[in-house]
Amino acid sequence: MKAIFDADANYAVRAGGHSGMKGWNNVDGGVLISFSAMTAVSYDPSRDTITLEPGIVWADAVEGLQSQGVAAVGARFNDVGTGFLLGGGISFLSPSQGYGADNNVELDVVLVNGTLVTATVDNEYADLFKALKGGANRFGIVTRFEVRAVHTGTADDKSWFGGLITYPPSSHGALLSATAHFAHNSTDPNAVLLSSYNNVANSIVGNAYMFYNGTIAQFNRTFAEFLSIPQSTSSLGPMSYIDIDNILASSTDESGHLQLMAGTALEGKAAGEDIDSWLQTYDLWNNYSTTFADQLTFGVLAISPVPQPQILAGRQKGGNAMNPPLKGFANLMFQIALPIADSDLSDEMISAREDYLQRSLQTDIFAPHLRAPTDAGFPINMNEHDVTQDAFETYGELELLKSTYAKYDPTGFNLAHTDGPFGLG
Ligand SMILES: Cc1cc2nc3c(=O)[nH]c(=O)nc-3n(C[C@H](O)[C@H](O)[C@H](O)COP(=O)(O)OP(=O)(O)OC[C@H]3O[C@@H](n4cnc5c(N)ncnc54)[C@H](O)[C@@H]3O)c2cc1C
């Protein structure tokens with residue numbers, strides 16, 4: 001990094017290589033720092049922490065530790081890497097543990113001028129430590145993550161109950177309502193939900209991945225609204241955390257895909273309140289994925305509730321850059337995947353995505369609703385947005401991020417020489 005700094009060169013950093021943000025983990029005519037050879041993971045029982053080298057992907061981090069009964073708070077898809085932690089990170093363990101990054105204990109960080117520092121919640125680099133909980137690739141290169149261990153049990157410990165229920169199109173509105181209600185109501189750190197709608201070749205399926213760290217009776221009570229909706233398939237049962245972690249496996253096959261995302265945030269809704277903003281988002285996604293179904297491998301609308309206990313857990317662990325208000329909300333991700341060979345989107349597909357993202361409207365694909373709503377005051381998910389979106393602007397700690405960035409990179413070298421989120425300059 002010192003050589004890059006001195007040479008005034010462009011650069012990029014790559015860990016798992018899974019980012020949907022085009023340009024962030026690669027560089028044309030510059031230096032790419034790849035962590036593909038740094039993939040170690042270990043558990044230290046005396047500190048009750050896990051140390052991750054940045055090149056590991058979550059499947060290997062979970063597999064490497066499962067015999068010791070511990071796991072780090074990591075991504076829900078197995079092939080995602082540790083860049084997840086720099087963007088905040090929404091995990092199946094988040095309702096009880098906070099964002100992935102809330103569980104950072106000690107980080108080795110190479111600053112932009114090549115200086116290596118170790119940041120913790122209460123040492124002289126505490127500001128940097130907090131900025132790295134959501135600050136993405138703007139604050140330095142993390143070469144070692146020491147994170148809290150969660151005692152999730154081994155593959156034989158079936159202490160959870162849950163699984164996947166799929167829903168036919170006639171139930172999609174009800175699934176959306178139940179999800180909005182869960183985001184608003186859930187105060188139970190043991191309850192975990194991920195809802196999604198998947199369009200593959202114009203066959204649209206609604207999914208609710210639901211897990212409860214407890215008994216079947218507690219599961220049934222917590223997810224009663226979801227259980228009452230007419231279903232297509234149901235596969236529920238006792239599960240270990242390892243089973244849960246494997247439920248989504250890899251996101252695409254090995255031929256590789258271009259994946260693009262767009263992120264919004266909506267406040268949860270109490271029963272009886274209208275869910276118009278949620279329905280509008282669903283309609284927009286539905287229009288897009290149906291219109292372009294022939295070109296897409298798949299189109300997904302994934303809805304990740306961020307319930308109150310997740311927000312509280314983050315605050316109790318020192319706070320993060322997102323710093324959401326203490327109100328249940330959800331991050332909604334509109335995702336498309338195309339085969340690598342077809343990765344040049346047509347002009348119409350690009351314009352329609354831009355319309356969704358509230359740019360000046362160029363198509364009528366989204367009429368009559370036109371653009372995706374997002375509720376002010378709630379952070380969008382840095383890990384699941386689009387390069388044109390200003391995620392930092394939605395963060396609760398934008399001013400802290402700006403001052404911390406100016407302190408550690410006074411010449412603005414990182415902003416000038418590597419692609420990543422904007423809004424700090
Ligand atoms: C299908 C799919 C499923 C996903 N599921 C989830 C999910 O469940 N929850 C969630 O929160 N997110 C999820 N994500 C988003 C994912 O967390 C982010 O894309 C994340 O940035 C990927 O990390 P990576 O290491 O694989 O990626 P990379 O592309 O290698 O890195 C991502 C970014 O972080 C930077 N970076 C990586 N490592 C370092 C480092 N050590 N120091 C400094 N900068 C670094 C890179 O420069 C790049 O800007 C998903 C993404 C996809 C495509």
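Residues numbered from 1 in each chain as written. Predicted model: local features only at pLDDT ≥ 70, side-chain atom pairs only at ≥ 80, totals over all residues. Heavy atoms only, no water.

Going by what an unreviewed UniProt entry lists, the protein chain is known as FAD-binding PCMH-type domain-containing protein and is assigned to Steccherinum ochraceum. We quote the UniProt Sequence similarities (unreviewed entry) comment for the protein chain here in full: "Belongs to the oxygen-dependent FAD-linked oxidoreductase family." (UniProt positions renumbered as here; feature names shortened; annotations may be inferred.)

Caption draft 1: Structural context of the sheet that holds strand E3 (residues 41-44). The 5 strands lie next to each other as E3-E4-E7-E5-E6, forming an open sheet whose pairing is antiparallel. The strands lining the two open edges of the sheet, one partner per strand, are E3 and strand E6 (116-120). Pairs of neighbouring strands in the sheet enclose a mean axial angle of 15°, with direction left out of account. Helix H2 (residues 58-65) rests against E3 and strand E4 (49-52) of the sheet, and its axis sits at about 40° to E3. (Pairing = 2+ DSSP bridges. Helix = DSSP H or I, 4+ residues; strand = E, 2+ residues; numbered from the N terminus. Axes fitted to C-alpha atoms, helices over the stretch in contact; angles between N-to-C directions. Contact = heavy atoms within 4.5 Å.)

Caption draft 2: Expanded view of the site of the ligand. Residues in close proximity to the ligand total 32 residues, the closest being Val13, Ala15, Gly17, Asn25 and Arg76. A distance of 2.8 Å separates an oxygen atom of the ligand from a polar backbone atom of Gly16. Phe84 is positioned with one of its backbone polar atoms (N or O) 3.4 Å from an oxygen atom of the ligand. Bound to the protein, the ligand loses 98% of the 950 Å² it would expose on its own. Listed by contribution, the elements that provide at least two residues to the shell around the ligand are strand E1 (11-14), helix H3 (83-86), strand E7 (141-148) and strand E12 (257-267). When grouped by side-chain class, the residues that make up the shell around the ligand number 13 nonpolar, 16 polar and 3 charged. (Near = heavy atom within 4 Å. Polar contact = N/O pair within 3.5 Å; in protein donor to acceptor, adjacent residues only side chain to side chain. Areas by Shrake-Rupley, 256 points an atom, 1.4 Å probe, with all protein chains shown as cover. Nonpolar A, V, L, I, M, F, W, Y, C, P; charged D, E, K, R; others polar.)

Caption draft 3: Highlighting helix H11 (residues 308-316). Listing the buried residues of H11 in full gives Pro309, Gln310, Ile311, Ala313 and Gly314. Next to the buried residues of H11 lie helix H4 (94-97), strand E13 (298-306) and strand E14 (329-339). Looking one or two places after H11, you find Gly318, whose phi comes out positive at around 110°. (Buried < 20%, exposed > 50% of the residue type's maximum accessible area, 1.4 Å probe, protein only.)

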